[in-house]
Amino acid sequence: MTSLTNAVTGLVKGKVQGVCFRAEAQKKARNFALTGWVRNTDDGNVEVLIAGNKLAVEFMKVWLARGPSAAIIDSIELAPCEDPGLEDFEVRD
């Protein structure tokens, strides 16, 4: 039996800071009823952890590969992880 929940974490690389990426990711994740977090990294990328319904996670992965309109995504590197059991999707510093 396959799980209906899924969690992934990783990096989105490219022009992803200064383009409202974190706020838009939070909005999109909440629309998909996902939990997790998003934060900027010191090297100019964005780190994410998303968890929830398997299909919703797949939709979020598609969005992360595009990002908001001002973003330019060079690559996205996500790997499965344990669901941390968060209750919301947070923007972290």
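For the structure, check the block above.
Rules of the game
- Residues numbered from 1 in each chain as written.
- Predicted model: local features only at pLDDT ≥ 70, side-chain atom pairs only at ≥ 80, totals over all residues.
- Heavy atoms only, no water.
- Helix = DSSP H or I, 4+ residues; strand = E, 2+ residues; numbered from the N terminus.
- Contact = heavy atoms within 4.5 Å.
- Expected span 1.5 Å × (residues − 1).
- Buried < 20%, exposed > 50% of the residue type's maximum accessible area, 1.4 Å probe, protein only.
- Arc of directions from axis to C-beta.
- Polar contact = N/O pair within 3.5 Å; in protein donor to acceptor, adjacent residues only side chain to side chain.
- Pairing = 2+ DSSP bridges.

Visitor: What is the right way to look at the environment of Val38 in this model?
Guide: Within the secondary structure layout, Val38 lies in strand S2 (residues 35-40). Here the alpha-carbon distance between Val38 and Gln26, two residues twelve residues apart in the chain, equals 7.4 Å. Beyond its immediate sequence surroundings of up to four residues, Val38 is in contact with Arg22, Ala25, Val46, Glu47, Val48, Phe89, Glu90, Val91 and Arg92.

Visitor: I'm lost on helix H2 (residues 54-66) in this one. Help?
Guide: An α-helical segment advances 3.6 residues per turn. Residues three or four places apart therefore align on the same side. In a regular helix each residue adds 1.5 Å, so 13 residues correspond to 18 Å; H2 covers 19 Å between its end C-alpha atoms and thus fits that length. Among all positions in H2, only Ala56, Val57, Met60, Trp63 and Leu64 are buried. Each buried residue of H2 sits inside an arc of 115° when the element is viewed along its axis, so together they form one side. Exposed residues on H2 whose side chains face more than 90 degrees from its buried face are Leu55 and Arg66. Taken together, the buried residues of H2 touch strand S1 (5-15), helix H1 (21-31), strand S3 (46-53) and strand S4 (72-80). Taking the backbone nitrogen of Leu55 as reference, a side-chain oxygen 2.8 Å away marks Asn53 as the first, capping residue of H2. Immediately beyond the C-terminal end of H2, within one or two residues, lies Gly67, with a positive phi of roughly 70°.

Visitor: Even after reading the chapter, I still don't get H1, so can you show me in this structure?
Guide: Those residues of H1 lying buried are Phe21, Ala25, Gln26 and Ala29. Buried residues along H1 cover an arc of 130° about the axis, so they all sit on one side. In H1, the exposed residues that point more than 90 degrees away from the buried face are Lys27 and Asn31. Packed against the buried residues of H1 are S1, S2, S3, H2, S4 and strand S5 (89-92). A positive backbone phi angle near 60° is found at Ala33, which sits one or two residues after H1.

Visitor: What's the story with the pairing of S3 in this structure? I'm lost.
Guide: Regular strands show a simple pattern: their side chains alternate between the two faces of the sheet. Across the eight residues that make up S3, a large majority, six, are buried. Summarising the sheet, S1 and S3 pair through eight bridges and their orientation is antiparallel. Paired with Thr5 across the two strands is Asn53, which belongs to S3. Pairing between S2 and S3: six bridges, direction antiparallel. In the strand pairing of S3, Val38 is matched with Val48. Where S2 hands over to S3, the hairpin turn is made up of five residues, of which Gly44 adopts a positive phi near 95°.

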